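Chain by chain, the residues run as shown.
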Amino acid sequence: MTEKNINEMILAFDTSGQSCATAVAADGKVIASAFSNSGLTHSKTLLPSIESVLKDSQTDVSQINKIALTVGPGSFTGVKIGVSTAKGLAFAKKLPCLAVSTMAALACGAKGFDGIICPVSDARRGMLYNAVFRCERSGFTRLCEDRQIEASELVNELSEYVKSGEKILILGDGADILEKKCEQFGLLVYRAAQNVAYIHAEGIFEAIKEGFYEEKTAGELTAVYLRPPQAERERLERLAAEQKQKEKENN
């Protein structure tokens with residue numbers, strides 16, 4: 001970036017779901033951004049995407065003052081790649097990291113919708129990662145913390161907002177699952193347009209503006225999973241099965 005009097009340069013990225021988003025912002029204004037949903041792993045897409053937005057913004061990595069990223073909930077592998085990359089970039093220069101909720105970044109990317117915004121990600125095994133926000137002219141209000149929830153339970157909750165006359169917008173890589181469940185219950189919801197259906201880095205910056213982040217050092221930065229990774233769940237299930245077998249044999 002060749003312009004003078006720039007006080008703060010932030011590199012932001014998201015790898016918490018299917019898509020990959022990166023951006024560089026100068027004093028809060030996004031000057032370069034990139035988005036891909038190619039199906040390639042984030043280990044292949046993130047670093048080239050970062051290099052691209054740095055080049056497009058004429059910014060050297062040495063000019064970056066902060067790293068902003070989504071830390072979950074979301075894909076275990078994707079979140080891990082994002083956090084590990086942020087740590088690697090931040091440790092050398094002791095840069096602060098802005099840890100943003102994936103759900104908040106999704107919701108804030110749909111700024112302008114008047115009503116309830118319901119971001120959802122597929123948590124597998126019939127579960128969704130979710131939070132609920134109200135969007136008004138005055139800004140966003142978080143109505144619940146990030147959580148795991150069954151689709152049918154979420155539909156029941158959303159129906160109460162509909163009864164109160166509020167419109168509901170759903171978005172995220174779990175939107176197909178939730179929309180089908182809403183149709184089963186006859187609940188009218190709106191789907192986000194493609195340009196806001198997934199996280200774009202601009203949504204990360206909007207979430208930061210709304211205060212949905214925590215500033216941490218590289219050493220303090222951690223992923224938010226909400227449940228153990230699959231390998232750990234399988235290990236616990238195997239131990240439980242072995243314990244149950246032992247008890248059966250002893251009896």
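Check the entry above for the structure.
Please read all numbers here as calculations on a predicted model, not as lab measurements.

Cut-offs used in this document
Residues numbered from 1 in each chain as written. Predicted model: local features only at pLDDT ≥ 70, side-chain atom pairs only at ≥ 80, totals over all residues. Heavy atoms only, no water. Helix = DSSP H or I, 4+ residues; strand = E, 2+ residues; numbered from the N terminus. Expected span 1.5 Å × (residues − 1). Buried < 20%, exposed > 50% of the residue type's maximum accessible area, 1.4 Å probe, protein only. Axes fitted to C-alpha atoms, helices over the stretch in contact; angles between N-to-C directions. Parallel < 35°, antiparallel > 145°, perpendicular 65-115°, else oblique. Left-handed = near helix turned anticlockwise from the far one by under 90°. Contact = heavy atoms within 4.5 Å. Nonpolar A, V, L, I, M, F, W, Y, C, P; charged D, E, K, R; others polar. Salt bridge = Lys/Arg side-chain N within 4 Å of Asp/Glu carboxyl O. Polar contact = N/O pair within 3.5 Å; in protein donor to acceptor, adjacent residues only side chain to side chain.

Draft legend 1. Structural detail: helix 2 (residues 76-93). End to end, helix 2 covers 27 Å across 18 residues, agreeing with the expected 26 Å (1.5 Å per residue, within 8%). By the burial criterion, the buried members of helix 2 are G78, V79, I81, G82, V83, T85, A86 and A90. Once helix 2 ends, the next one or two residues include K94, with phi positive near 55°.

Draft legend 2. Layout of the packing of helix 1 (residues 42-56) against helix 2. The N-to-C vectors of helix 1 and helix 2 enclose an angle of 40°; their axes lie 10 Å apart at closest approach. It follows from the interaxial angle that helix 1 and helix 2 lie oblique. Taken as a pair, helix 1 and helix 2 cross one another with a handedness that is right-handed. Across the interface between the two elements, H42, S43, L46, L47 and I50 of helix 1 pack against G78, I81, G82, T85 and L89 of helix 2. By residue class, the composition of the contact of helix 1 with helix 2 is five nonpolar, five polar and no charged.

Draft legend 3. Inspection of the pattern of salt bridges at higher detail. Overall, the coordinates contain eleven salt bridges when judged by the stated rule. Note that K66 and E8 form a salt bridge whose closest N and O atoms lie 3.0 Å from each other. You can see K66 sitting in strand 4 (residues 66-70) and its partner E8 sitting in the segment before strand 1 (9-14), a full 58 residues away along the chain. Residue classification places K66 among the buried residues on the basis of a relative accessible area of 19%. For E8, a relative accessible area of 26% corresponds to the partly exposed category. One salt bridge connects R124 with D122, and the closest N-O pair in it is separated by 2.9 Å. Look at R124 and you get exposed, because its relative accessible area is 54%. The class for D122 is partly exposed, based on a relative accessible area of 24%. It is possible to trace a salt-bridge network through shared partners that takes in E8, K66 and E215.

Draft legend 4. Main features of the side chain of N130. Looking at the secondary structure, you find N130 in strand 7 (residues 127-130). Accessibility expressed as a relative area gives 0% for N130, which makes it buried. A polar contact is formed between the side chain of N130 and the backbone oxygen of P119, at a distance of 3.0 Å. For N130, the side chain forms a polar contact with the side chain of R147, separated by 2.8 Å. The residues contacting N130, other than those within four sequence positions of it, are M103, C118, P119, V120, E145, D146, R147, I149 and L154.

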